[in-house]
Amino acid sequence: MKIRLKSAATLCTLLITCMLQGQNLVKSPEQFLGYALGERFTRHHRVVEYMEHLASGSAGRMITRSYGQTNEGRPLMLAFVSSPENIRRLEEIRKNNLRLAGLASDKMAPSEDMPVIVWLSYNVHGNEASSMEAVMKTAHTLLSGADPRAAGWLEKAVIVIDPCINPDGRDRYANWYNSVTTLNGDPDQNTREHREPWPGGRVNHYYFDLNRDWAWQSQVETKARMKVYNEWLPQVHVDFHEQSPNSPYYFAPAAEPYHEVITPWQREFQQLIGKNNARYFDRQGWLYFTRERFDLLYPSYGDTYPVYNGAIGMTFEQGGGGRAGKAVQLEDGDTLTLAARLEHHHTTGLSTIEVSVREAARLRQEFRKFFAQAVADVPAGGVQYYVVRRSTSAGADGGVVGTYMRRNGIQYGYAQTKMMLKGFGYRNGRDASVNVEPGDILIPARQPRATMLRVLFEPRTKLSDSATYDITAWSLPYAFGLDAWAVTDKPTPTSLVDADPITASTFSPDAEAYAYVIPWQGMHSARVLAHLLRSGVTVRYATSPFMVEGKRHERGSLIVTRAANRTDGASLGSKVKAAINAVPEAHLNITAVRTGLVDQGFDFGSGDVRPIKAPRVAVLSGEGIVANGFGEIWHYFEQQLGYPLSILNATDIPQLPLEKYDVMILPDGNYRILNDRMVTDALKAWVRRGGKLIAMENAVSQMASLDWGLRLKKEDDKSAKVAADSILKYADREKEYLKGSIPGSIYRMELDETHPLAFGYASPFYTLKQDDRIYEFLKDGGWNVGVIRKDAHVSGFAGVRVKQKLKDGLLFAVQDLGAGSVVSFADNPIFRGFWEGGKLMFANAIFLVGQ
């Protein structure tokens, strides 16, 4: 017995010695970088190298894994930190965690005695740059022995660290700041090192806000990250941010509104974290606040997405951001340093790990309960399935919806047979019977991911508080332009299949074809058109429905004739086939016809079957333009449509030869050049000569104020009188503000389906309103393509004054000006890259309008 005890003691001593030797091999950030943290902003590749250094010297307590790369080629990496034993069985821990959620493929019973998983995400906004400095200190602390509690934490937890979600934005900011800062950093906010140039480092390569992309996964970084995240599903996730320099530190608990699906435990843990963080901040005398500003509602944040997937999701916000630099003087006269900012993030990171380890058993228990109840509980409203029509007029088709479900781990199947079900129809807002067709998508409401599914498909958002941080409506059937129903009947199991019964497009060239007819339905059609135009194929489109050889074709149908492409000869069919093959997920039924003589409508040689000139498209960029709005257009052309786009600096317009371009897009923004009468006259002259100007959001408003033909609709006299007669108390200032607020609500829009801007659509269209701007109807020289009437509000918060104003007005318009046209989108049809329902309309504006 004594011998065994002596052997055990010797073994323990050896293990400790090995651990200490490992710790000695781990350099501090200052030793590795050659400067102290806080002295400068570290470039991304150096942080990657430091994390790899820590892994190599960690004595088996840390490994790094690549999970992708950015648009600019920078690596995306994760670090896993735990005890050597846990690192050795990392894959088993991951699989067990999925068993707890009921999502493992092996269906084995889960173990309750496994480490808790804590995921820490840093630098999602590139210019909120203190967090990536903090991650180096936090990782070093966990491995170096500097904190004696760390070894115990690593026995009971796996810490997943993403040191930088947005490397491209991070380096854009760091490279700029390091190139303009003074030797010691000037805290004066008026100096250039506090005046970050456009577009800023907040956004990624395509100027997207990655913190609003978790659910939509439009960006390459998000797609790569969410694949790994959903393979792990941590119990706790923290997203480290920065806010304005004068704001104290924010940590959980979050502000209202909380979404109603958030569990009592998820609320309770936020309180536990808040109390523990406050204990450390009180000890240091650091300022902080809780329960304000940052709510838990919009599902695509780094806190809400984890919450709706069973975790405790939290945002931590340090004062700072792009204006803070290395040091910044605050309103109260104090100076906030980069060193202090990273220390605060370091403290809350360790505090989170501490509480998670202390509450590990409860975290695992509640995590398992979250997913078990999702399968067992009767869904809200008795919904059994969500039915999505396989093919819609213009929105996302079944293939897009299926891809989106898979990316978010949501289970779904396909209808194998016809069936009749009852449920709520999103398009008409009423209960009705549904004729389900083979190939329609069926999504069970009872499944492990039921909570996320419910949030994404809820027709109306319920708000516990109207003061929100982001949009308040996002329902996929509206955003994606789907024909969808929430059904209360349950289909028979034999009517469902996992494999898609509808095959992708098959097309074989016909040597005898007079023409090929391609339906105009959704972005797949637009991508095919873009490919054909890039290949030099002449394409025509039908302005009216027609019937040929007994088959009906709708407005917008693309027609590729041999007559217009004689130089291609026998290779025309091959070019059409190549365009179809370039969109392999499309389900387009291409028709080869042997005649141009139609049974009904206009013959193919008619002037109403118009040729599409391949347009030379430009978009304006630079100071004053909303970077996100510009980026959405840039990404749309390069990553979705596949069509060339010239990016021009707005300030260069007075010197540029406008005749080089056929289409010019003005993203959301405030354009100084439009206040220059000579520039405005030149743009109007360009349009009159045949140019097409596409204006979006605030650009429309600015043009309306400069006599471009549109007029803003004013608040009616009755509403104004009520506001003037009200006596406002100071304590009610927020309530009064909210009466005129609309952070993002869905409105129903009526379309003129006969106008080329609306080809491919069936009214109504659902738009996201983020302001109260609405325009008077056009009477002469223009077309009221998209209008809203009385009671058009569908979902989300809109203040009482906004609701009174948003009725009987114009949102989408086309004005004829000489030989050209002006297209006005008062709302953004391609919002954040996920508003699938509007993407074909944007293609209409580019290719069809004004041809």
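The rules we used
- Residues numbered from 1 in each chain as written.
- Predicted model: local features only at pLDDT ≥ 70, side-chain atom pairs only at ≥ 80, totals over all residues.
- Heavy atoms only, no water.
- Helix = DSSP H or I, 4+ residues; strand = E, 2+ residues; numbered from the N terminus.
- Expected span 1.5 Å × (residues − 1).
- Buried < 20%, exposed > 50% of the residue type's maximum accessible area, 1.4 Å probe, protein only.
- Contact = heavy atoms within 4.5 Å.
- Pairing = 2+ DSSP bridges.
- Axes fitted to C-alpha atoms, helices over the stretch in contact; angles between N-to-C directions.
- Parallel < 35°, antiparallel > 145°, perpendicular 65-115°, else oblique.
- Nonpolar A, V, L, I, M, F, W, Y, C, P; charged D, E, K, R; others polar.
- Core = buried A, V, L, I, M, F, W, Y, C linked by side-chain atoms within 4.5 Å.
- Salt bridge = Lys/Arg side-chain N within 4 Å of Asp/Glu carboxyl O.

Draft legend 1. Up close: helix α8 (residues 167-180). In this model α8 runs 20 Å from its N-terminal to its C-terminal C-alpha over 14 residues, within 8% of the 20 Å that 1.5 Å per residue would give. For α8, the buried fraction is high: 10 of the 14 residues fall into the buried class. Buried positions along α8 lie against α3 (44-56), β2 (75-81), α6 (130-144) and α9 (220-232).

Draft legend 2. Focus on the pairing of strand β10 (residues 312-319). Burial of β10 is extensive: eight of the eight residues sit out of reach of the surface. Going residue by residue along β10, you find Ile312, Met314, Phe316 and Gln318 tucked away on one face and Gly313, Thr315, Glu317 and Gly319 tucked away on the opposite face as well. Bridge analysis of strand β5 (residues 236-243) against β10 gives eight bridges, and the strand direction is parallel. From the neighbouring strand, His241 faces β10, where its bridge partner is Glu317.

Draft legend 3. Highlighting the packing of helix α17 (residues 523-534) against helix α19 (residues 627-641). Two elements in contact, α17 and α19, have axes separated by 10 Å at closest approach and are oriented at 85 degrees. With respect to each other, α17 and α19 are oriented roughly perpendicular. Every residue of α19 that contacts α17 at Met523, Ala526, Arg527 and Ala530 is listed here: Tyr636, Gln640 and Leu641. A class-by-class count of the residues in the contact of α17 with α19 yields five nonpolar, one polar and one charged.

Draft legend 4. Quick look at the side chain of Ser131. Relative to the assigned elements, Ser131 resides in helix α6. The contacts of Ser131, once residues within four sequence positions are left out, are Tyr122, Asn123, Phe240 and His345.

Draft legend 5. Region of the structure containing the packing of α3 against α6. Two numbers describe how α3 lies on α6: the axes approach to 11 Å, and their chain directions differ by 5 degrees. Regarding the angle of α3 to α6, the classification is roughly parallel. Between α3 and α6, the contacting residues are His44, Val47, Tyr50, Met51 and Leu54 on the first element and Met132, Val135, Met136, Ala139, His140 and Leu143 on the second. For the contact of α3 with α6, the per-class residue count stands at nine nonpolar, two polar and no charged.

Draft legend 6. Just the nonpolar core, in detail. Ranked by size, the top nonpolar core spans 188 residues in total, and within it Phe637, Phe842 and Phe847 carry the most contacts. Setting aside its immediate chain neighbours within four residues, Phe842 contacts Ile633, Tyr636, Phe637, Ile665, Ile694, Met696, Phe825, Pro829 and Ile830. Among the nonpolar cores identified, the runner-up in size contains 54 residues, and Val81, Met132, Tyr249 and Ala252 belong to it.

Draft legend 7. Molecular detail of the pattern of salt bridges. Applying the stated criterion across every chain yields a total of 40 salt bridges. With a closest N to O distance of 3.2 Å, Glu128 and Arg202 form a salt bridge. In this pair, Glu128 sits in the loop between β3 (116-121) and α6 while Arg202 sits in the loop between α8 and α9, placing the two residues 74 residues apart along the sequence. Residue classification places Glu128 among the buried residues on the basis of a relative accessible area of 5%. Across the salt bridge formed by Arg773 and Asp771, the nearest N and O atoms sit 3.4 Å from each other. A relative accessible area of 24% means that Arg773 is categorised as partly exposed. A single network of salt bridges, built from pairs that share partners, joins Glu128, Arg202, Asp209, Arg212, Asp470 and Arg832.

Draft legend 8. Focus on the sheet that holds strand β24 (residues 558-561). Pairing is antiparallel in the open sheet, where five strands are placed in the order β25-β20-β24-β21-β26. Of all the strands in the sheet, just β25 (591-593) and β26 (609-612) have a single pairing partner and so form its edges. Here the average twist between neighbouring strands, direction ignored, is 30 degrees. As paired elements, strand β21 (residues 539-542) and β26 share four bridges and run antiparallel to each other. Across the sheet, Arg540 pairs through a bridge with Pro611, a residue of β26.

In short, geometric facts, not functional conclusions.
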